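Fold and contact review
Listed below, chain by chain, are the residues.
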Number of protein chains: 8
Amino acid sequence: MIKAEIRIVMGSESDWAVMKEASALLKEMNIPHESVVYSAHRTPEELFSYMEEAEQNGTRIYIAAAGMAAHLPGVMASKTILPILGVPMASGALQGVDALLSIVQMPPGIPVGTLGIGASGAKNAALLAVSILALENATYSEKLREFRKKQKEKVLSARLT
Amino acid sequence: MIKAEIRIVMGSESDWAVMKEASALLKEMNIPHESVVYSAHRTPEELFSYMEEAEQNGTRIYIAAAGMAAHLPGVMASKTILPILGVPMASGALQGVDALLSIVQMPPGIPVGTLGIGASGAKNAALLAVSILALENATYSEKLREFRKKQKEKVLSARLT
Amino acid sequence: MIKAEIRIVMGSESDWAVMKEASALLKEMNIPHESVVYSAHRTPEELFSYMEEAEQNGTRIYIAAAGMAAHLPGVMASKTILPILGVPMASGALQGVDALLSIVQMPPGIPVGTLGIGASGAKNAALLAVSILALENATYSEKLREFRKKQKEKVLSARLT
Amino acid sequence: MIKAEIRIVMGSESDWAVMKEASALLKEMNIPHESVVYSAHRTPEELFSYMEEAEQNGTRIYIAAAGMAAHLPGVMASKTILPILGVPMASGALQGVDALLSIVQMPPGIPVGTLGIGASGAKNAALLAVSILALENATYSEKLREFRKKQKEKVLSARLT
Amino acid sequence: MIKAEIRIVMGSESDWAVMKEASALLKEMNIPHESVVYSAHRTPEELFSYMEEAEQNGTRIYIAAAGMAAHLPGVMASKTILPILGVPMASGALQGVDALLSIVQMPPGIPVGTLGIGASGAKNAALLAVSILALENATYSEKLREFRKKQKEKVLSARLT
Amino acid sequence: MIKAEIRIVMGSESDWAVMKEASALLKEMNIPHESVVYSAHRTPEELFSYMEEAEQNGTRIYIAAAGMAAHLPGVMASKTILPILGVPMASGALQGVDALLSIVQMPPGIPVGTLGIGASGAKNAALLAVSILALENATYSEKLREFRKKQKEKVLSARLT
Amino acid sequence: MIKAEIRIVMGSESDWAVMKEASALLKEMNIPHESVVYSAHRTPEELFSYMEEAEQNGTRIYIAAAGMAAHLPGVMASKTILPILGVPMASGALQGVDALLSIVQMPPGIPVGTLGIGASGAKNAALLAVSILALENATYSEKLREFRKKQKEKVLSARLT
Amino acid sequence: MIKAEIRIVMGSESDWAVMKEASALLKEMNIPHESVVYSAHRTPEELFSYMEEAEQNGTRIYIAAAGMAAHLPGVMASKTILPILGVPMASGALQGVDALLSIVQMPPGIPVGTLGIGASGAKNAALLAVSILALENATYSEKLREFRKKQKEKVLSARLT
């Protein structure tokens, strides 16, 4: 297992189409991370083993993505005191409303920091994870400031034609 | 641990105010059952131990009740092949819509048979559990028919004043 | 009429595109079942005749699928004490929210065990039906365990590229 | 059974608290009608017998009120070609959204003319029923015009203090 | 202006793609009707003139279809005591939920009998209109019974392949 | 009729409990206005007469409040080119969601500037109306700036105990 | 910076596909306006500088469009006492419901006049802006009356084929 | 200004009734923090000054709570690269759905880690903040493990009577 501060766990292989945007953003910032598929319902034991090993290998934050009755982030949160960031996937008939509520409405005591539905949420989970790591890492702070500067420039260079 | 074919598990002590209607209905029908509190997030190990022991003591059906991001029924379903009946509680700001979606929208492969929100769902979970047991138990079939007869009579004796 | 423990009833021929996933899963598990179309509103008498005959031919569980104001599962539940599993179809403008509420929010006394909207719900209805039959059938238990093993392997073999 | 052109059927005795507003309005207009309780799920046979007898006794329109998975209006519609007007009750956690969708989203072929949730819908069902009867009854037309005149006066005499 | 008992009014030319299903059904039953476009907001005077003339030419029922903040049925209802049947169109981002609520939630005193969203509602509006006319017209009753028989046969001839 | 630049029209006397907050705010700012009750459905002619007279008496902006299928703002908008500000009332089972959609989702061509549900929306309608008048009235600008200053001070003086 | 009474600000370049309908309508009416992209979150300082300069160059009304957690209109409203008209964009999984609520549900004290979701709202924002300017500009009043006349003619010339 | 790693900012004094649960939990864990009221709309400059000073005084995480069109967390996120945790308040007619969507559906680039609506979310925001600080603070880790142990014991000691 690689050393990585951020682990992206998703409930289904099909979530990768969206979550690779989180991974791409971290890659672009040169931040070691790993993306894996584990299901809270189909592979709970393997998920928990992965988490144990991951925490021995430097993990500090989990990004957890799931659709429908998206239990993955909450189930992971029940097993660790590391911060969990949840990303609702827009799979199924309800377009992610089910996943959003299943992730954000956690009972008191077991928090999941929830981001928006789909690709926006995936990117923001990566950025929030970096902002947490940046609390102790000036290089990461610099990367975040650089990222914000670039996106500001992108807005300012918009052309309406 | 008592021998009981039906186990009612709820995620919080406060759910009992609603779920005791399921228990009362089973009691009225003289069907051995047990009601307990375990949280999918706060006491996962104890929940799983309880389930193991319960299955060695004759459990055939679980009724699982939870509110908000109601993971309990789905988490239990991931650990057993016994039928799980889920009851969404109307706790919190969203009046049980969150719990309903968190229970019913399970991903393919791990089913939860979901009943309505709140007290109606609690009663119906009890009745559906009995109807499952009644497949092999003529006494229970008789009790169900008796119950239906009584509720028919109750409707027919309604007085509008 | 064939002997079959599970009967899949759907309200419209167009539901078959989704419900055949339930049938395929049962076929794969080698479990005798029958799929038919009856409408609660357009063919109530024929529906009730079918149910009577079906129950004389070994039916133990119904899976009932319908869209929009999906009354089929509830109407069937009013005519039998056998367990009914309801599957909301995502037809129409509301993407199955109407069907979900029309199925799951049954009044106290007449339960329908509800699964998720669309194909996920269809598959889960089949699996829940098998788990009920498995209470008295060790072969079915074995099949369920086998199914879970396979889906676990499928998750574990996911490749993110 | 009395002779009456309008029959108000409700699924539960508790709906009377709301539906008596429909009855009161008809009474005020001196229009023969009858209010009864029949459940689509608990007393389907009695419901159908009632409808048969009612139609032999001059019934021309049904007003059907139900809450939650409100199947009553649709089930009645499947048994008659008389016009059915449905009124969703706001019972349960979802405040009548479930009942509204369960009544209005009928599949093509079996119509239910749906009114608003709760007391407003109850009154409007009575008025719509009268407007239908008024097509052949000049006295009823007159009563409707009188009603409209009165409610106009009520608005015009509003005092803001 | 032709003599016709049923007038289909829609708020926008684009609604015709859906509402022609109502017209086709009436045509199939050989029932004189007229379909026109008037907007409650853009052509209120012309709408009211049309209604006046229509009522002098035998109109007995209006079917009114509109999307988004669908005021057309309610505005027409404020001008007549004839029965109004409203059909919500699924135009715009909200898929007809806005239109459904804008039509069905009329304040007490001015009723609109509301049908389902889109094509199902369009067909059902036609059928409900015919069922109202059938109260005084045995030929129409016969047509309705024939229609029901045909749709029953269609369900019974469904083939699942 | 008084001379007044702002007219507050509400669909029902009961809306006054909320809309008097708009009136109070205007009064506090010493801005001439009038509050009246007219229903789009029950008193359309009187509403239109009022609007005609009002526009001859200096009206420049309408604030229109209504609940449920809230047609009042849109119906007024169809009769004038003056700006209409709509305020959804939270009456009925749906807590103002119906009114919000009935007001804001106007078809293209007939705009209504919509404010939030209930008392917040009432106050904001008053403030937006003043901001429009302030375009040509420096005294009103001053009052708005004063208002903002005061509300800033209120926030800054908050005490958490 | 050009002199212009109306400024259309949008949060993202991609909103232009919708908002150009507002611009086109203003162009058609020959009303000076400017369309720009500024993000409330990514370029707040530049947004505020733009607003300051704009107000020195004759701006009287802002049209602000944004999607998802659409803060742009509210953030602008916090910086000016000029009227702000907000247009929710239907971007993302929730089809603009999120943007609608984020714009319309402003707290008391800081109003945003909200139009419908997407292109209808864009056009209506332009028209409402013109109706505000028309309070002091007879040419604009004339243009609005002309516009209404044309859209009336368009409705009256609808052909159903 | 005190030295504190966590700052709780809320948009209105009335939010304190809920947010004091977050503060109480932090107090119980003996973690320095400060609770203040600043409005994104009414006091933006003061908010930004506060944030600047706070970041010079050791702030590492913000908890931001707001109701309705809850812009506070997003507006704060636009001004800092520190992690922001957002808590939707259930104020107003929509019971916090508006606030939830206004906080969680942030556009890509500016993340807010969102917790559940109301008191549950308030407590979870405090816990998530501590879990972030605990990445570099073994005492805090210990406190979190202690907290989890206590809440486990509370569940296990539930009594159903």
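The rules behind the values
Residues numbered from 1 in each chain as written. Chains lettered and ligands numbered in written order. Predicted model: local features only at pLDDT ≥ 70, side-chain atom pairs only at ≥ 80, totals over all residues. Heavy atoms only, no water. Phe/Tyr/Trp six-rings, centres within 6.5 Å; stacked < 30°, edge-to-face > 60°. Helix = DSSP H or I, 4+ residues; strand = E, 2+ residues; numbered from the N terminus. Buried < 20%, exposed > 50% of the residue type's maximum accessible area, 1.4 Å probe, protein only. Lys NZ or Arg CZ within 6 Å of the ring centre and 35° of its normal. Least-squares fit on C-alpha atoms with pLDDT ≥ 70 in both. Contact = heavy atoms within 4.5 Å. Buried area = accessible area lost by both parts, 1.4 Å probe. Salt bridge = Lys/Arg side-chain N within 4 Å of Asp/Glu carboxyl O. Polar contact = N/O pair within 3.5 Å; in protein donor to acceptor, adjacent residues only side chain to side chain. Expected span 1.5 Å × (residues − 1). Arc of directions from axis to C-beta. Axes fitted to C-alpha atoms, helices over the stretch in contact; angles between N-to-C directions. Parallel < 35°, antiparallel > 145°, perpendicular 65-115°, else oblique. Left-handed = near helix turned anticlockwise from the far one by under 90°. Nonpolar A, V, L, I, M, F, W, Y, C, P; charged D, E, K, R; others polar. Pairing = 2+ DSSP bridges. Right-handed = clockwise from strand over helix to strand, strands pointing away.

Topic: the packing of aromatic side chains
Applying the stated rule across the entire model yields eight aromatic pairs over all chains. For the ring pair C:Tyr38 and C:Tyr50, a centre distance of 5.1 Å and an interplane angle of 35° mean the geometry is tilted. Taken together, the positions of C:Tyr38 in the loop between strand S2 (33-37) and helix H2 (44-56) and C:Tyr50 in helix H2 put the pair twelve residues apart, joining distant regions of the chain. Residue classification places C:Tyr50 among the buried positions, given a relative accessible area of 5%. The ring of B:Phe48 has B:Lys79 lying over it, and the distance from NZ or CZ to the ring centre is 4.4 Å.

Here's the deal with the relation of the copies chain C and chain E
Expressed as a screw transformation, the operator carrying chain C onto chain E has a rotation angle of 90° and an axial translation of 0.0 Å, and the superposed copies differ by an RMSD of 0.0 Å. Here the symmetry operator amounts to a four-fold rotation axis.

Things to note about the interface of chain H and chain A
Quite often, the size of an interface is put as the accessible area lost when its parts meet. Contact residues are listed per partner, giving 40 residues for chain H and 41 residues for chain A. Summing both sides of the interface, chain H and chain A together bury roughly 3,300 Å²; the carbon and sulfur share of this comes to 62%. Among the residues of chain H in contact with chain A, H:Ile81, H:Leu135 and H:Arg148 are the three that bury the most area, contributing 22% of the side total. Of the charged contacts, one joins A:Arg60 and H:Glu136 as a salt bridge, the two residues approaching to 2.4 Å between their closest N and O atoms. Put simply, chain H and chain A have 21 residue pairs in polar contact (both at pLDDT 80 or more) between them. Going through the elements one at a time, helix H4 (97-104), strand S5 (113-114), helix H5 (119-133) and helix H6 (138-156) of chain H are the ones with two or more residues in the side of chain H that touches chain A. The greatest single-element share of the side of chain H that touches chain A, amounting to seven residues, is contributed by H5(H).

Some thoughts on the environment of G:Glu34
Residue and element names in this part refer to chain G. Considering the arrangement of structural elements, one finds Glu34 in strand S2 (residues 33-37). Among the residues examined, Glu34 registers a relative accessible area of 19% and is labelled buried. Spatially, the C-alpha atom of Glu34 lies 8.3 Å from that of Val9, the residues being 25 residues apart in sequence. Here Glu34 is in contact with Met1, Ile2, Ala4, Ile6, Arg7, Ile8 and Tyr50, once residues within four sequence places are set aside. Of the polar contacts made by the side chain of Glu34, one reaches the side chain of Arg7; its length is 3.0 Å. Of the polar contacts made by the side chain of Glu34, one reaches the side chain of Tyr50; its length is 2.5 Å.

A closer look at the relation of the copies chain H and chain A
Both copies of the chain are related through a single rotation about an axis accompanied by a shift along the same axis. Overlaying chain H with chain A gives an RMSD of 0.0 Å, the required rotation being 180° about an axis along which the chain moves by 0.0 Å. This pairing of chains is accounted for by a two-fold axis. A symmetric contact is evident, with 100% of the interface residues of chain H recurring at the interface of chain A.

Describing the pattern of salt bridges
A complete count under the given rule lists 56 salt bridges over all chains for this structure. The salt bridge involving E:Glu21 is made with E:Lys123; its shortest N-O contact spans 3.5 Å. Within this pair, whereas E:Glu21 is found in helix H1 (residues 16-28), its partner E:Lys123 is found in helix H5 (residues 119-133), the two being separated by 102 residues in sequence. Assessed through its relative accessible area of 26%, E:Lys123 is described here as partly exposed. Close ionic contact of F:Lys152 with H:Glu46 constitutes a salt bridge, the shortest N to O distance being 3.4 Å. Residue F:Lys152 is found in helix H6 (residues 138-156), and its partner H:Glu46 is found in helix H2 (residues 44-56); the two belong to separate chains. Residue F:Lys152 is classed as partly exposed on the basis of its relative accessible area, which comes to 25%. Residue classification places H:Glu46 among the partly exposed positions, given a relative accessible area of 22%. Within this structure, A:Glu5, A:Arg60 and H:Glu136 form a network of salt bridges that share partners.

Re H2(H)
Note that an α-helix has 3.6 residues per turn; residues three or four places apart therefore point the same way. All names here are of chain H. Compared with an ideal rise of 1.5 Å per residue, which puts 13 residues at 18 Å, H2 spans 19 Å between its outermost C-alpha atoms and is within 8% of the ideal. All of the buried residues in H2 are Pro44, Leu47, Phe48, Tyr50, Met51 and Ala54. Angular distribution of buried residues about the axis of H2 spans 160°; they occupy a single face of the element. For H2, the exposed residues set more than 90 degrees away from the buried face come down to Glu52 and Gln56. Against the buried residues of H2 lie strand S1 (6-10), strand S2 (33-37), strand S3 (61-67) and helix H3 (72-77). With its phi angle positive at about 90°, Gly58 sits one or two positions after the end of H2.

Some details on the packing of H5(E) against helix H6 (residues 138-156) of chain E
Residue and element names in this part refer to chain E. Where H5 meets H6, the axes come as close as 8 Å, and the angle between the chain directions of the two elements is 140°. As summarised for this structure, H5 and H6 are arranged oblique, according to the angle between their axes. When the axes of H5 and H6 are compared, the crossing they make is left-handed. Each of Leu127, Val130, Ser131 and Leu133 in H5 lies in contact with H6, whose residues at this interface are Tyr140, Leu144 and Phe147. Here the contact of H5 with H6 is built from residues that sort into six nonpolar, one polar and no charged.

Overview of the pairing of strand S4 (residues 84-89) of chain E
All names here are of chain E. Of all the six residues making up S4, six are buried; the element is thus mostly covered by neighbouring parts of the structure. The alternating pattern of S4 places Ile84, Gly86 and Pro88 on one face and Leu85, Val87 and Met89 on the opposite face, and all of these are buried. Across six bridges, the pairing between strand S3 (residues 61-67) and S4 is parallel. Of the residues in S4, the one forming a bridge with Ile63 is Leu85. Regarding topology, helix H3 (residues 72-77) serves as the crossover connection from S3 to the parallel S4, and that connection is right-handed. With two bridges connecting them, S4 and strand S5 (residues 113-114) associate as parallel partners. Residue Leu85 lies in a different strand from S5, and its bridge partner there is Gly113. A crossover connection joins S4 to the parallel S5 through helix H4 (residues 97-104); in handedness this β-α-β unit is right-handed.

Details of helix H1 (residues 16-28) of chain F
Residues and elements named next belong to chain F. Across its 13 residues, H1 extends 17 Å between first and last C-alpha, which sits within 8% of the 18 Å expected from 1.5 Å per residue. Every buried residue belonging to H1 is among Trp16, Met19, Ala22, Ser23, Leu25 and Leu26, and all of these are buried. Tucked inside the fold, the buried residues of H1 contact strand S1 (6-10), strand S2 (33-37), strand S3 (61-67), strand S4 (84-89), helix H5 (119-133) and H6. Backbone geometry just downstream of H1 places Asn30 in the positive-phi region, at approximately 65°.

A closer look at the interface of chain C and chain E
Counting residues at the interface gives 15 residues for chain C, matched by 13 residues for chain E. Between chain C and chain E, roughly 1,200 Å² of surface is buried when both sides are summed, and carbon and sulfur atoms account for 70% of that area. The interface formed by chain C and chain E includes one salt bridge. Linking chain C to chain E there are three residue pairs in polar contact (both at pLDDT 80 or more). Of all the secondary-structure elements, those providing two or more residues to the side of chain C that touches chain E are S2 and H2 of chain C. Among the elements that take part in the side of chain C that touches chain E, S2(C) stands out by supplying three residues, more than any other. A breakdown of the residues in the side of chain C that touches chain E according to their chemical character gives eight nonpolar, three polar and four charged.

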